[in-house]
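Tertiary structure, described
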Amino acid sequence: ILAGIFVICFGLFFSMKSLQIKTQDEEMSKVSKADNIGNSTTNLSVDNFDDTDDEEKLERVNADVRVASPKTKTHSAMFKIVICFFAALLSSTLQFAFIFGSDLIKIAESAEGPGATPRTGSAAIIWLFVIPLSTISSIVYGLYQGRDVPIENLWRSPVSRHIKIFICACIPWIGHIHLYGISANILLPPNIAAAVAWPILMGTTVAWGMVLSLKLGEWKDASTEAQRKQKLGLAVTAAGIIVVMISVAV
């Protein structure tokens, strides 16, 4: 188990290095874009504008210069890593609830009193506490983050888009938590259940995030070196997950 965790951490190290290189690439790209746009504005003279189209063109160019300016506030790779660390630390409390809430699960399974819930569904008692406590704050945070997006986009967006989000985000999010709870409480030996299930859960979550970041084009502007290290980190992380899984059979 420890060997697998070490390999996973080694893979995350390569991912961290790739993120640092990607951040440097983005900074250089912004500087280059600002220089190119700045050079294009020197070829435009306000005195030569005879119609509205030329004035609108100059305004668009000036807007691009403001957006692409290297003075725009950016965050360092270390800042991003710290944010990811605390986000993972806080989000993991949900998975811990399925382990440390085992007493509630046992009450739900009890044949006496109000229990007698099938073992495969007894973990649902945790969701009864989780959903009400987390949904409201998540909705508020989502509305705050999307405050510049018109609220009517919720119902104007194509139905297919909502279905894709549901399939690619909602189901995997709920599914991997259920799989963690079932494996930790039912499938794995009790003495190593949490020690095995937890690294596998976090490792696969991180690995899936790496895959999505590559597929969604987050690395399209990154250099070949950055993409290579990211793919290497993904491969090493996957290898670490396999090592942890093999440890169950040892």
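Right above here is the structure, for reference.
The structure reproduced in this document is the subject of the present report. (Residues numbered from 1 in each chain as written. Predicted model: local features only at pLDDT ≥ 70, side-chain atom pairs only at ≥ 80, totals over all residues. Heavy atoms only, no water.)

Our focus in this paragraph is the overall build of the chain. Tallying secondary structure elements over the chain gives ten helices and zero strands in all. With 250 residues in all, the chain has 25% of them scored as buried. Expressed as a percentage of contacts within the chain between residues at least 6 apart in sequence, the contacts between residues at least 24 apart total 70%. Of the roughly 17000 Å² of accessible surface on the chain, a fraction of 67% belongs to carbon and sulfur atoms. (Helix = DSSP H or I, 4+ residues; strand = E, 2+ residues; numbered from the N terminus. Buried < 20%, exposed > 50% of the residue type's maximum accessible area, 1.4 Å probe, protein only. Contact = heavy atoms within 4.5 Å. Areas by Shrake-Rupley, 256 points an atom, 1.4 Å probe, with all protein chains shown as cover.)

Within the secondary structure, Ser 18 is located in helix α1 (residues 2-42). Look at Ser 18 and you get buried, because its relative accessible area is 0%. A polar contact of 2.6 Å, which involves the side chain of Ser 18, links it to the backbone oxygen of Ser 15. When neighbours within four sequence positions are excluded, Ser 18 is seen to be in contact with Trp 219, Ala 226, Lys 229 and Gln 230. (Polar contact = N/O pair within 3.5 Å; in protein donor to acceptor, adjacent residues only side chain to side chain.)

Attention now moves to a nonpolar patch on the surface. Taken together, the side chains of Met 78, Val 82, Phe 85, Phe 86 and Leu 89 make up a nonpolar region of the molecular surface, amounting to roughly 480 Å² of accessible area. Considering the arrangement of structural elements, one finds Val 82 in helix α3 (residues 77-91). Owing to a relative accessible area of 36%, Val 82 belongs among the partly exposed residues under this scheme. (Patch = residues over 30% accessible without salt bridge, like charges linked within 9 Å, V, L, I, M, F, W, Y side chains within 5 Å. Salt bridge = Lys/Arg side-chain N within 4 Å of Asp/Glu carboxyl O.)

Mapping Ser 15 onto the fold places it in helix α1. For Ser 15, the contacting residues outside a window of four places in its chain are Met 210, Gln 230 and Gly 233.

This brings us to the packing of helix α9 (residues 193-215) against helix α10 (residues 224-247). It is the contact of α9 with α10, at a shortest axis distance of 9 Å, that shows an interaxial angle of 155 degrees. Judged by the inter-axis angle, α9 sits roughly antiparallel to α10. Handedness of the α9/α10 crossing: left-handed. Contacts between α9 and α10 involve Val 196, Pro 199, Ile 200, Gly 203, Thr 204, Ala 207, Met 210, Val 211, Ser 213 and Leu 214 on the former and, on the latter, Gln 230, Lys 231, Gly 233, Leu 234, Thr 237, Ile 241, Val 244, Met 245 and Ser 247. For the contact of α9 with α10, the residue count by class is eleven nonpolar, seven polar and one charged. (Axes fitted to C-alpha atoms, helices over the stretch in contact; angles between N-to-C directions. Parallel < 35°, antiparallel > 145°, perpendicular 65-115°, else oblique. Left-handed = near helix turned anticlockwise from the far one by under 90°. Nonpolar A, V, L, I, M, F, W, Y, C, P; charged D, E, K, R; others polar.)

Purely spatial values, then, with no claim about function.
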